[in-house]
Structures are given as structure tokens and as C-alpha cells.
Amino acid sequence: MTLKTILLAGSVIGTAALAAGPAAAQASQAQIDALNKQIQSLQEQVKTLGDTLNKEIKKVDEKVTKLPTVSVDGGRMRIRSADRANDMAIRARLHFDYGHWFPGDNNTNDYSDGFQVRRAFLGVSGTVMTDWGYEFTANFAGNRGGSSQIQAANITYRGIKDTVLIAGVSQPKFTLDDSTSSNDIPFMERASVNNILVGIGGSDGRTMVGFTTTQASGKLFIAGYLTGELTGSTGNIDDQQNLLGRVAYKAFEDNNGALGIGFSGAYRYQMPTTAGANTARVYRFDDRPEIRIGGDTPRLTRSEEITFVDSVHAYGVDVAGHYRNFWAAAEYATFGASTDIRSQYDDPEFSSWYASAGWILTGERRRYTLGEFAGVRPSWPLGQKGYGAWELAVRYSESDLLDEGARRSGTLATTSLAGEQTVWTLGVNWYVNSAVRVMWNYIIAENDRPGTRPDLETDALAMRLQFQF
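Counting restarts for each chain, with residues numbered from 1 along the sequence as it is written. The predicted origin of the model limits local features to residues at a pLDDT of at least 70 and limits the giving and counting of side-chain atom pairs to 80 or more, whereas totals for whole chains, interfaces and linings rest on all residues. Only hydrogens and water are removed before side-chain values are computed, so all heavy atoms of the structure are retained for them.

Caption draft 1: Spatial organisation of a negative patch on the surface. A cluster of acidic residues, Glu446, Asp448, Asp455 and Glu457, forms a negative patch on the protein surface. Helix and strand assignments come from DSSP, with helices taken as H or I runs of at least 4 residues and strands as E runs of at least 2, each series counted from the N terminus. The topology assignment puts Asp455 in the loop between strand E19 (436–448) and strand E20 (456–468). Exposure classes here rest on a 1.4 Å probe applied to the protein chains alone. A residue is buried below 20% of its type maximum, exposed above 50%, and partly exposed in between. For Asp455, a relative accessible area of 32% translates into the label partly exposed. For patches, a residue must show more than 30% relative accessible area and have no salt bridge; joins then use 9 Å for like charges and 5 Å for nonpolar side chains, namely Val, Leu, Ile, Met, Phe, Trp and Tyr. Accessible surface area values rest on a Shrake-Rupley calculation with a 1.4 Å probe, where residue burial reflects the displayed protein chains alone. The salt bridge definition used is simple: a Lys or Arg side-chain nitrogen within 4 Å of an Asp or Glu carboxyl oxygen. Counted as positive: Lys and Arg. Counted as negative: Asp and Glu. His and the chain ends are not counted at all. To locate a charge, the coordinates of NZ of Lys, CZ of Arg, CG of Asp or CD of Glu are taken.

Here's what the structure looks like:
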């Protein structure tokens, strides 16, 4: 190809390109404009969808926030409304015991060995409209589960600051030992002084109205009750009526521990009466030897039968506290009756006390709160990189149920159980987790019965499998 031909071809191509350029540019711009419109339209659609989706998500969130929540804490199922104004929790408690008696050389009594369903509670508790509370619990442990009884059926009102009003069937806050839950007490049974006092007008299953209040920035606790019969009581024309009160003050508290003092008092001003009138006005102070084994645990010490009783009274003091993983407690009380017909047992008076202490080997704490002890919760439960919590405890108890007038008269029958009872209780507690505890107690009981009546000595070994939620 010659140079002339090449130049001619280039000229033709250049002319064609110059002629086609504006048209091509116009076509490309039109396409870009169309694409931009499509993109803008898509963006508007995405924004519309996003706004719609956000509105739907907000609606769903609002519905979810209004739904009740279900939680399980330590095995206890709880249903709570979103505003926390209403809730309901299922409660259960099982104390399953086994034990064996070892009577002393001079004790020929054949005590009941074997199993005991000590407690079997099942019920519900909760809150209604923030200020109102309720509890309904049945105890199925009677005669190893053969019968049931109302343990709690009450309504509470918390609309007054730091105060709770209660009416129905419940357990009054009365004495240090009884104010601490049976799930949290360090021994299988409470001390005799407690059981004698609450027999006047306390214990669970008690019909009552009352109040509790906390004052002085949480350092002062006051409780007062008017109580009647226990649930299941029958045959009375007039029910018993009792006044109970308790005051507790936390004298000291820091990060290492706490110390408090309490006072409790009870007064039965109306004795239960039946068709027998005067013969029904009878009272007697007694307690089992701080253990329950088998189908029937007998009383080893009891006061003489007090007749023509006009009123029964009791008052006591308690001191308790904890320092790190060590705790200690003691209670003392006097109690007696007023009679309206003179006899050799006019206005008898008795006394009882205990002192106890414990050490949690694994470092957890049995905290003294206000007028009671909280339970031990293991830091490292069994199966969760730990072996639970272990506690050693000891208690010494004395109960003098022989009135001075009866002692001086020397007319006690040879079958009388009136005398002085002392009990040593040695305990080991294994807190497997927050719901399960295993307890071992060894009891050493001695009963000093003046006169010709033989003294009684007996030991017992018992254990408990406890489950709660």
C-alpha cells in the first residue's frame, strides 16, 4: 500500500469519526440519565421499605416488652409481668429425715427409729398490683404424707413504706430461731426454748393478723401480731387468742460481719375452751429432745399439768452475729402461767436457753441480717468446678421445766417427766447447691428428774436430705 493510499484511508476514517461522535455522546448520556432515574427510584423504594420495617420492628418490640417473663432461679419458676407489678412463683420444700436412737443404760424406753417426712410444702406466692402480696402453701408431711394441712394462706399489703401488713395463715416473725427459715437453720430442729415459746401463739400454720416494719435506715425491726388457733384445730367453743411481738436491732455491721440483739414476747390472754369449761383451761410446757425421728418422737421432759389457767406468758432476749465465715447465736427466755384458783402450782415460772456457733469450712458466710440469719449459698456448687459448701455447727441447750413450788412440795408422781433437760447437738451441713442440702446431727440428751424418778439419758443420730425452690 502506497503512502497516498494510507493518507486517503486515514482521512476517510477521521471524517467518519468526527461525523459519528456527537450522536454517540448523546446516546450515552441518555442511558446514564435513565440509569440514574432507576437508581433514585430504587433508593426511594428501599427507604420506604426500611421505614415500614422499622415501624413493624417497633411494634414487635412494644409487644415483646409487654409480654410476661419466665425465669428459673435456683429451680424456682417465676412468672413476672413486664411492668413488674404482678408476679407468681412456685414454691416447694422437702425435708426427708432418717435417724436412730441410742438410749442410755438406765433408759428402757423404745423410741421410734426410721424415716420421717418432716416437711413437704408445695404452693405459690406472688404480687398483685405492686402493693399486694399473697401466699398459698400446703404441707403434705403429716404422718409421713398421709394427711395435709394449710401451712400458709395469707394476703399482705406493702403500700406503706418499709411496712408489711398481713392477714391469714402464716408464721409470725417471733424469736431469732423461728424467724430464720427452716430451709436455713443450721440444725435439723430448732432449740427447745424456741419451740416452747412459739407453742404459745406462733409457728407456721397460725391464723393471725399483724405487721412488720423496718426503721432507722434498716437497723431496727419491729413486728406485732394477734394470733389464734393453728390450722386443723377443732373442738373449741372459744379459740385461743394471743399477742406476739418482736423487736430486733442491728448494733453493728461492716464488710466483715454484723451483730444484733432482739427481744420477743408472747401473751395468751384467752385460753381455748370446750364444753368442759374450767377443765379445758389446762396448759403444759414441753418439747421433744430437739430431734424428730420415725413416726413418733416422745417428750422426755415436760412441766406438770397446770390447771385453771387464766393466761400464759413468755419473754426472751437473743444475741447473734457473724464474722466472715464464723457465726454465733444465743437465746434466753422465761415463761409461765397465771392461775385463778390457788393450788401447789400457783403462777409457775420456767426458763430455757441455748448457745450455738458454726464455722463454714469453704469460706461462705451465714449472714446475720436483721433479727434472723440468711442461708448459706455455695460459691462452687457440686458439679460446677466445686464440691459445694461445708459447715460445722454445735449447740448447747438447757430447759428447766420443774417449778420451784412443785420442787419444794416433793409430791411429784414417779411417772412425772418434770425436770431439767440438757441437749448437745453436733451438726455437719453439706450445701450441694442452692437447692439441695444434706445434714447430719448427733444428739446427746440428758434429763435430770429430781426425787425417786430415774434420770434419762439418750443419744440419737439423724440425717436429712433437703430440697427447696
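Caption draft 2: How the structure looks around the environment of Arg118. With respect to the secondary-structure elements, Arg118 resides in strand E4 (residues 114–128). For the pair Arg118 and Arg292, spaced 174 residues apart in sequence, the C-alpha to C-alpha distance is 7.8 Å. At 2.8 Å, the side chain of Arg118 forms a polar contact with the side chain of Glu189. As used in this structure description, the phrase polar contact means that two N or O atoms lie within 3.5 Å; if the pair is within protein, one of them must be able to donate a hydrogen and the other to accept it, and residues adjacent in sequence are counted only when both atoms belong to side chains.

Caption draft 3: The pattern of salt bridges, seen in detail. Applying the stated criterion to the full structure yields 15 salt bridges. Connected via shared salt-bridge partners are Asp97, Arg118, Glu189 and Arg464.

Caption draft 4: The arrangement of the packing of aromatic side chains in detail. Only rings of Phe, Tyr and Trp enter the pairing, Trp through its six-membered ring, and a pair is recorded when the two centres are within 6.5 Å. The plane angle decides the type: under 30 degrees is stacked, over 60 is edge-to-face, the rest tilted. Here the structure, examined in full by the defined rule, presents 17 aromatic pairs. Aromatic pair Tyr98 and Phe115: ring centres 4.7 Å apart, planes at 55 degrees, arrangement tilted. On the criterion of sequence distance, the pair formed by Tyr98 in strand E3 (residues 87–103) and Phe115 in strand E4 is long-range, its members being 17 residues apart. Its relative accessible area of 37% is what places Tyr98 among the partly exposed residues. For Phe115, a relative accessible area of 45% puts it in the partly exposed group. With centroids separated by 5.0 Å and ring planes inclined at 50 degrees, the aromatic side chains of Phe285 and Phe335 adopt a geometry described as tilted. Separated by 50 residues along the polypeptide, Phe285 in the loop between strand E11 (257–270) and strand E12 (286–287) and Phe335 in strand E15 (residues 326–339) bring together distant segments of the chain. Its relative accessible area of 1% is what places Phe285 among the buried residues.

Everything listed here is a matter of geometry and, on its own, says nothing about what the molecule does.
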